[in-house]
Amino acid sequence: MPPRPMNDEEVLSEMNKMVAFIKQEALEKAREIKVKADEEFAIEKAKLVKQEQQAIDAQFEKKRKGADVAQKIAQSNLTNKSRLKLLQCREEQLQELFSIARTSILTFAEDEGRYSQFLEGAVVQGFLQLMETRVTLHVREQDADIMQKAGEAAADSYAEISGREVSFELETTLSKDCAGGVKLVSSSRRITIDNTLDERLRLLEDKMLPEIRRDLFGPNENRKFYT
């Protein structure tokens, strides 16, 4: 027996069921799409937030490093200025000390006894260095008389020490600004021995400078050895 055809109500009912099914499928599909879209949005959002945070962190780190560098530069400049100021003050103290020493040697020649002994010793030392038979002694004009006596005594001492004779002549060529002393010149005039008070003080300053610095300012921690 063939099935009977559906009437209008049955057709409408079937159509409503189909519509409801399709609608339900569409809703479920829409929910799936929304869930997936939300997930992708959350992932993308998290990625963007992370990238932005990394950019902010990188910018902050760059600024922090820049601030650190600027601070170190400023501190280094301040340290250098302080060190230069300290070195300047120390140099001024040393120059003041040397100035006092120079002032002292200017009055040394006024003590005839001590000055005569110095001249004699300086000439003997020069004679022994030159080991020549004739030497020229250059002195200040005001020292000519005392140098003549000191030179004769020095020649005697030289003869006793070396067993050799030496003669000398005086020339008053040293400047009046010189503190005193004597320059000895060989007969060939090729060798000059500077035994002036000014030169002795200069040599003493150079030789004693490290020790003077250490005594005045203490050891230099930046130097391992001291000379």
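This text follows the structure it describes.
Structure report, in brief. (Residues numbered from 1 in each chain as written. Predicted model: local features only at pLDDT ≥ 70, side-chain atom pairs only at ≥ 80, totals over all residues. Heavy atoms only, no water.)

### What about a nonpolar patch on the surface?
Together, Met6, Val11 and Met15 give the surface a local cluster of nonpolar side chains, amounting to about 280 Å² of exposed area. Relative to the helices and strands, Val11 resides in helix H1 (residues 8-108). (Patch = residues over 30% accessible without salt bridge, like charges linked within 9 Å, V, L, I, M, F, W, Y side chains within 5 Å. Areas by Shrake-Rupley, 256 points an atom, 1.4 Å probe, with all protein chains shown as cover. Salt bridge = Lys/Arg side-chain N within 4 Å of Asp/Glu carboxyl O. Helix = DSSP H or I, 4+ residues; strand = E, 2+ residues; numbered from the N terminus.)

### Some points on helix H2 (residues 112-130)
If you check H2, its first and last C-alpha atoms are 26 Å apart, about what 19 residues at 1.5 Å a residue would give, namely 27 Å. After H2 finishes, the residue Met131 shows a positive phi value of roughly 55°. (Expected span 1.5 Å × (residues − 1).)

### Description of the environment of Ala155
Considering the arrangement of structural elements, one finds Ala155 in helix H3 (residues 144-162). Judged by its relative accessible area of 12%, Ala155 is buried. Once the C-alpha coordinates of Ala155 and Val123 are considered, the two residues, 32 residues apart in sequence, prove to be 8.2 Å apart. Once residues within four sequence positions are removed from consideration, Ala155 is found in contact with Phe127 and Val166. (Buried < 20%, exposed > 50% of the residue type's maximum accessible area, 1.4 Å probe, protein only. Contact = heavy atoms within 4.5 Å.)

### Let's talk about the pairing of strand E2 (residues 167-171)
Pairing between strand E1 (residues 134-138) and E2: five bridges, direction parallel. Residue pairing in the sheet places Leu137 in a bridge with Leu170 of E2. (Pairing = 2+ DSSP bridges.)

### A look at the side chain of Thr196
Considering the arrangement of structural elements, one finds Thr196 in strand E4 (residues 192-196). The exposure class of Thr196 is buried, given its relative accessible area of 4%. A polar contact of 2.7 Å, which involves the side chain of Thr196, links it to the side chain of Asp194. Not counting residues within four places of it along the chain, the set of residues in contact with Thr196 comprises Leu174, Cys178, Gly180, Gly181, Val182 and Lys183. (Polar contact = N/O pair within 3.5 Å; in protein donor to acceptor, adjacent residues only side chain to side chain.)

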